[in-house]
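So the chains spell out like this:
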Amino acid sequence: SKSAWVIAVLENNQLTALGKSWDKALGGQITEAIAAAKFGGKSGQFLSVLAPKALPTGRVLLMGVGNPKKFSALDVQGLGGKLLAQLNSLGVTSA
């Protein structure tokens, strides 16, 4: 599938409420992927993993957003550009 789910991950691998609910629904597969890849949730860091067959998408793309207390509008703009580049490099047409 040429689609992906994007999950924001905060600094030190803290999942957002949505990320936690998706991880729980997937039996902890998101946190397992983060641990296996030594992903840190730093701003601009990405981790692409194949989605479990139970999901209606081809990939899950974890996007590090860093420290939410230091997050500005300019950071959002920069991450948006980096996210678009990541999705394009993966051939994703829907996210």
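Residues numbered from 1 in each chain as written. Predicted model: local features only at pLDDT ≥ 70, side-chain atom pairs only at ≥ 80, totals over all residues. Heavy atoms only, no water.

*Asks:* Help me understand the sheet that holds strand S2 (residues 14-15), please; the structure alone is not making it clear to me.
*Replies:* Strand pairing in a sheet takes place through backbone hydrogen bonds and is either antiparallel or parallel in direction. Taking strand neighbours across the sheet as the criterion, the four strands line up as S2-S1-S4-S3 in an open arrangement whose pairing is mixed. Two strands lie at the open edges of the sheet, namely S2 and strand S3 (46-50), each paired on one side alone. Of the pairings in the sheet, the one linking strand S1 (residues 4-10) to S2 comprises two bridges and is antiparallel in character. When the sheet's bridge partners are listed, Leu 10 is paired in S2 with Gln 14. Packed onto the sheet, helix H2 (residues 29-37) meets S1, S2, S3 and strand S4 (59-66) and runs at close to 125 degrees relative to S3. (Pairing = 2+ DSSP bridges. Helix = DSSP H or I, 4+ residues; strand = E, 2+ residues; numbered from the N terminus. Contact = heavy atoms within 4.5 Å. Axes fitted to C-alpha atoms, helices over the stretch in contact; angles between N-to-C directions.)

*Asks:* Explanation requested: the nonpolar core in the structure shown.
*Replies:* Across soluble globular proteins, you tend to see nonpolar side chains buried next to one another. Listed in full, the twelve residues of the largest apolar core are Ile 7, Val 9, Leu 15, Leu 26, Ile 30, Ile 34, Phe 39, Leu 47, Ala 51, Leu 55, Val 60 and Leu 62. Counting residues per element, the ones that place at least two in this core are S1, H2 and S4. Once residues lying within four places of it in the same chain are set aside, the contact partners of Ile 7 are Leu 15, Gly 19, Trp 22, Ile 30, Val 60, Leu 61, Leu 62 and Met 63. In terms of nonpolar packing, the next biggest core, distinct from the first, is built from nine residues, Ala 4, Val 65, Leu 79 and Leu 87 among them. (Core = buried A, V, L, I, M, F, W, Y, C linked by side-chain atoms within 4.5 Å. Buried < 20%, exposed > 50% of the residue type's maximum accessible area, 1.4 Å probe, protein only.)

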